[in-house]
Amino acid sequence: MPGPGQRKGFSKPKNTRGTIKRLIGYMGKYKALWIVVFVAVIASASAGIAGSYIIKPALNNYIIPLIGHQHPDMSKFAQMLGVMLIVFAVGALATWGNSRLMVFISTNVLYNIRTDLFGKLETLPIKYYDAHPHGEIMSRFTNDTDTLRDMLNQSVPQLMSSVVTVVGVFVMMLVLSPILTFVVILCIFFMMLLAAKIGKKSANAYRDQQKNLGTVNGYIEELIDGQRIVKVFNHEDESISEFAVLNDNLCASGTTANTYANILMPMMGNLSHVQYALVAICGAFLVISGRMDIGTIAAFLQYTRSFSQPVTMMSQQFNSILNALAGAERIFAVIDETPEVDNGTIELVNAYEADDASASQRKRLVQSYAFTGEWAWKKPGENELEKLSGDVVFDHVTFGYESDKTVLFDVCMHALPGQKIALVGSTGSGKTTTTNLLTRFYDIPEGSGSITYDGIPLNNIKKDDLRRSLGMVLQDTHLFTGTVRENIRYGNLEASTVQVEEAAKLANADTFIRHLENGYDTVISGDGGNLSQGQRQLLAIARAAVADPPVLILDEATSSIDTRTESLVQKGMDGLMKGRTVFVIAHRLSTVRNADEIIVLEHGKIIERGTHDQLMAMKGRYYHLYTGNSIAVE
Amino acid sequence: MERKYIAYTCLSPLTMLGEVAMETVIPYIMALIIDVGIANRDINYVLKTGLLMIGCACLSLACGVAGGRLAAVASQGFSHNLRRNLFTKVQGFSFGNVDKFSTASLITRLTTDVTNTQNVYQMVIRMSARAPFMLIAGAVMACIINMKLAALFIIAIPVLVIAIWLIGSVAYPRFSIMLEKYDKMNNTVQENLIAIRAVKAFVRGRYEDEKFEKSADAVRAAQVRAEKLIVLLMPIMQITVYVSIIAALWFGGNMIVAGTMKAGELISFLTYVTQILMSLMMLGMIFVMLVLSRASIHRICEVLDEKSDIQSPSVGLKTVADGSIDFEHVSFSYNKKSETSVLNDIDIHIKSGQVAGIIGGTGSSKTTLVSLIPRLYDTLSGTVKVGGRDVRAYDLVPLRDSVAMVLQKNVLFSGTIRDNLKWGNRNATEEQIVAACRAADADSFISSFPKGYDTELGQGGVNVSGGQKQRLCIARALLKNPKILILDDSTSAVDTATESRIRAALKDAHPETTKIIIAQRISSVKDADIIFVLDDGKINGYGTHEELLSHNEIYREVYESQQTGGDADIGTSAEGGN
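Cut-offs used in this document
- Residues numbered from 1 in each chain as written.
- Chains lettered and ligands numbered in written order.
- Predicted model: local features only at pLDDT ≥ 70, side-chain atom pairs only at ≥ 80, totals over all residues.
- Heavy atoms only, no water.
- Axes fitted to C-alpha atoms, helices over the stretch in contact; angles between N-to-C directions.
- Helix = DSSP H or I, 4+ residues; strand = E, 2+ residues; numbered from the N terminus.
- Parallel < 35°, antiparallel > 145°, perpendicular 65-115°, else oblique.
- Left-handed = near helix turned anticlockwise from the far one by under 90°.
- Nonpolar A, V, L, I, M, F, W, Y, C, P; charged D, E, K, R; others polar.
- Pairing = 2+ DSSP bridges.
- Buried < 20%, exposed > 50% of the residue type's maximum accessible area, 1.4 Å probe, protein only.
- Polar contact = N/O pair within 3.5 Å; in protein donor to acceptor, adjacent residues only side chain to side chain.
- Contact = heavy atoms within 4.5 Å.
- Buried area = accessible area lost by both parts, 1.4 Å probe.
- Salt bridge = Lys/Arg side-chain N within 4 Å of Asp/Glu carboxyl O.
- Phe/Tyr/Trp six-rings, centres within 6.5 Å; stacked < 30°, edge-to-face > 60°.

A. Spotlight on the packing of helix α9 (residues 236–288) of chain A against helix α2 (residues 43–91) of chain B. At a closest axis distance of 7 Å, the pairing of α9 of chain A and α2 of chain B adopts a crossing angle of 165 degrees. In terms of axis orientation, α9 of chain A runs roughly antiparallel to α2 of chain B. The element α9 of chain A and its partner α2 of chain B pack so that their crossing is right-handed. Residue composition of the contact of α9 of chain A with α2 of chain B, by class: 28 nonpolar, 18 polar and five charged.

Okay, structure coming up:
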């Protein structure tokens, strides 16, 4: 996020320098290539300079002396031209080599930055995702890397060659005539001042434009996504007029930004014409007073022209470089974000029982690298593996997403291995939050209770391993672009085709999958757009099934499946739930009825608990929810 | 495009003309200074022509600045209007039109593609005025100085032109491929952002990383392939210029020696050489840019050319008589050419004020059925009538105002709760808003928020739970005070107690509103006046709950499965707080 100092036209050096350093870090991988690039730049710039220099000697040495001769000997001249041709050819080759290398370097740098960015995203906590709109994160990947690419591809090479040209030309001019060079410097100084002023204004205006662009694009995205609601509520006219306001703002700031950008070139260009004129006048004086020859002034004038052009280029590139750096800074900000903290040390491994060498009757668990379906805890420093039983305890857990808004109050639950715990309660009572804590999508702050898993505090278990042991079927099914098979396999990348199909059968997805155009190989889009809600949930259930986890969390798994299929799924789920510890958040009777314990939550507190029969007998909250009596429950 | 901007677009190049004219004249004056002033040692002449040069430069500056401003105004205005037209067009789209393009693609077209086009437009205005003028002016001046020497351009120019054309046409397909892969890569990122919980839950971080690396690498490779072609342009131009310079020097030098040309002339000639070839180069770049942006322009035009499927008739009915609904032999299919219809020969008659339930089939066919009522889609055959008249006879606005739908997917927008509710009725009073929220059982939880009705909802309504969202959407629909209220499985996230409370409130507050309830649970539609059983796109049976229980096999099956250890609702809300 832009820091406080970045509101000015030129960002505070600290930020810019840091960002440049990071960028150089990325580019540093290609040190050897950079040297070649630099040499090539010098070569091509030199060729350009030589092109101007050629006039003086050409005129003075080869042409003017020959004026008036009857049979002039042009061979020496021809020779010189031949040499120049070679120099030029080398220069052009160098130009090509330099840009070709830059293509290589820039695409690779971009690749590295992109993969770093994405890799970082994968490790960030859920909190980050909930706090930052997608559009914002996406623009790091699109807008900001795009401007970076443009900078690397165009601005940097041009800047380099401009710098080299300027230095080279300057030296040549100095050699030719210090006096005239002084005139030139005076003019350049003035031009630079002007460029800086315009640059500052332009940068500010550009920043405004970018901000407005973000707002406009965000609005477009939201409204087009919700197009159906717009239509249903006849909201079209409002949307159009709201949009018009944003659009107008964008137009205004864009016009300002572009105006400044556009006038820079004409300004610089024409000031250099004035400079040209001044040099000509002074030069004329010198020639007339006999202190300089025509060839020199001719060459000098050519240099003047080739001096101001790169200077103008530089000032133009300067702005776009600044913008690209701003984007790079935002990218690095994301890369620098703290990843999910994982202090866990205990791992979960696959294991199988083997005979104990020391005692013949005993069996001990041995770590297996293949998928066995049996799980065991591996504690660091201990040789013995401990079997995972699936005993989960919530011990006086208090939690809130924000410090001032507590969502769970002193929640205590105990799920013995293989038990089914059902969580019921009205909106906002804290059911989903409970599961967020179990999966460590959010962490319980110190001193607010703890959750233990087989007696091990959750925080001591490596997050990845923890999650691998928890199967989840979430409220929003999230599928990916790919085949049906791939989506199911997401649960266990090593599942065989047979296992995939078995899982699908368990979830009763097999039938509808086979009716799809390509069966299991049918490609489904993004969030499963070409399937119905119910079908997507069946796939999500199959996905969880194939993962074969010891603990299962079902959050609203079956609410959107049509009634006929649902009962079949229920039976399948019962089978899946056997032998596993299950936390179920649902409102289906069958699910809840067979639970070993029902926990009734209300505003984050547990108000009733027990089996179905016990709770019915209590004739309390549960009883009312179950029988659907219309008593105000909130 | 508005007239204003057309004017700017034309003026800008004109000012460029001025600028270019000056720039071309200046080297000529230069030649004069050397050949006349210096050669004749005439200081005054030098001074005069020098000042003339400065004057020209100032004029050129004025033109340049004006041109720059005009170009900025014109191009921004262009994109402003383009965006506006696109947005308005999309607002006019029917669901069918939106489906055709897909939401994601529409968003890209309105954002990225517009930006691309705008950049090209600006570039074209500025360069396309400059480049041809510079080219022609330079050529003219060069010819004026020395016709014979100017002949060398006859070779130089075609060489350059052919090179640019060749490279451009081979590069275009490569760039298209690169853009495609780029889109794919961004799509992967997008998906990951949305599905991050699934990624973490299944511990697929590493896996996604690898997937991404592959697609990023594909982009990289495609980019290299495309760009390595483009980088050939500059060196080719340089060679052309350099060779021309050498040729000019040789022939010019010979001519100077022979006395047919002056030294100063050669100097200015050389500057024109560069000018001509550089402007040719610029033209080439414009050409390449146009070619590359062809894709974006095409995509934008596709949207602009699309005719909205569903439009109000020229003289439409402005009032809806009542909430009666009739379907007469209605068939529908999303894909007009498809053989299987989603709905087949549907006949439904609902009296105004009745409560109708629809049960059975998959989710999508029921939703499709009710989407025909507010004319979100048009039937393939058969007629849908509302208030006794064909829906096609109504003006769309009054028709949709009188039909309120609460969809399966509840969408809220960023803004306050009140803002969102006002979508139902922009002139709703506070009492009306609160009344609607009470009926939808939303008032209690809204009041529990610290800011109440002024609470800001994040994008997509992230800070309210699923059930709360649903109730807000119901309240929003109620504010319309509609003749027909359609609840599409919209109480799925709400417990039975709340649901029946809402239904009771609806009966009280809006007795004449026809209510259509689509549900999975028999308990939701049990008390309806009439229930329709949908199966395989056809109406399998209809009647009251008791009638269907005794006569309809499917209904009975579902009812029984939901009663006995099946899925009768326990009455718990379907989601937790967030």
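B. Just the sheet that holds strand β10 (residues 470–473) of chain A, in detail. Residue and element names in this part refer to chain A. In spatial order, the strands read β10-β13-β14-β7-β15-β16; together these six strands make up an open sheet with mixed pairing. Since the sheet does not close on itself, it has two edges, and those belong to β10 and β16 (605–610), each with one partner. On average, adjacent strands in this sheet sit at an angle of 20 degrees to one another, irrespective of strand direction.

C. How the structure looks around the sheet that holds strand β5 (residues 389–390) of chain B. Residues and elements named next belong to chain B. If you walk across this open sheet you meet the four strands as β2-β1-β4-β5, and the pairing is antiparallel. The open sheet terminates on both sides in strands that have one partner only, identified here as β2 (343–350) and β5. Two elements, strand β1 (residues 325–332) and strand β4 (residues 381–386), share five bridges in a ladder whose sense is antiparallel. Its bridge partner being in β4, F327 is matched across the sheet by V384.

D. Main features of the side chain of S99 of chain A. Residues and elements named next belong to chain A. Summarising the element assignment, S99 is placed in helix α4 (residues 75–123). Of the residues examined, S99 reaches a relative accessible area of 18% and is grouped as buried. Polar side-chain contacts of S99 include one of 2.7 Å to the backbone oxygen of T95.

E. Up close: the interface of chain B and chain A. The interface is formed by 164 residues belonging to chain B together with 169 residues belonging to chain A. Of the roughly 15,000 Å² buried at the junction of chain B and chain A (both faces included), carbon and sulfur atoms supply 66%. Across the chain B-chain A interface, the total number found is three salt bridges. Where E238 of chain A meets R426 of chain B, a salt bridge forms, and the shortest distance between an N and an O atom there is 2.3 Å. Joining chain B to chain A, the criterion identifies 20 residue pairs in polar contact (both at pLDDT 80 or more). Take the side of chain B that touches chain A: its biggest share by element is 26 residues, from α2 of chain B. Residue composition of the side of chain B that touches chain A, by class: 79 nonpolar, 49 polar and 36 charged.

F. View of the pairing of strand β3 (residues 375–378) of chain A. All names here are of chain A. In this structure, β3 lies alongside strand β4 (residues 385–387), joined through three bridges in antiparallel fashion. For A376, the partnering residue across the bridge sits in β4 and is K387. With antiparallel pairing between neighbouring strands as the criterion, β3 and β4 make up a hairpin whose turn holds six residues, including G381 at a positive phi of roughly 85 degrees.

G. Expanded view of the pattern of salt bridges. Scanning the model with the defined rule gives 33 salt bridges over all chains in all. With its nearest N and O atoms 3.9 Å apart, the salt bridge here joins E501 of chain A to R485 of chain A. Linking E501 of chain A in helix α14 (residues 497–506) with R485 of chain A in helix α13 (residues 484–489), this pair joins segments that are 16 residues apart in sequence. With respect to class, E501 of chain A is no different from R485 of chain A; both count as buried. Look at the salt bridges and you will find they share partners, linking E340, R440, D443, K463 and R467 of chain A together with K200 of chain B into a network.

H. Quick peek at the packing of aromatic side chains. Counted by the stated rule, this structure contains 22 aromatic pairs over all chains. Ring geometry for F88 of chain A against Y242 of chain B: centres 4.0 Å apart, planes inclined by 10 degrees, an arrangement best described as stacked. In this pair, F88 of chain A sits in helix α4 while Y242 of chain B sits in helix α9 (residues 233–258), so the two residues belong to two different chains. Residue classification places F88 of chain A among the buried residues on the basis of a relative accessible area of 2%. For the pair F118 of chain A and F212 of chain B, a centre-to-centre distance of 4.1 Å together with 10 degrees between the ring planes defines the contact as stacked. Of this pair, F118 of chain A sits in helix α4 while F212 of chain B sits in helix α8 (residues 205–230), each in a different chain. The two residues F118 of chain A and F212 of chain B agree in class, both being buried. Through successive ring pairs, a cluster of aromatic residues spans F480 and Y490 of chain A together with F202 and Y207 of chain B.

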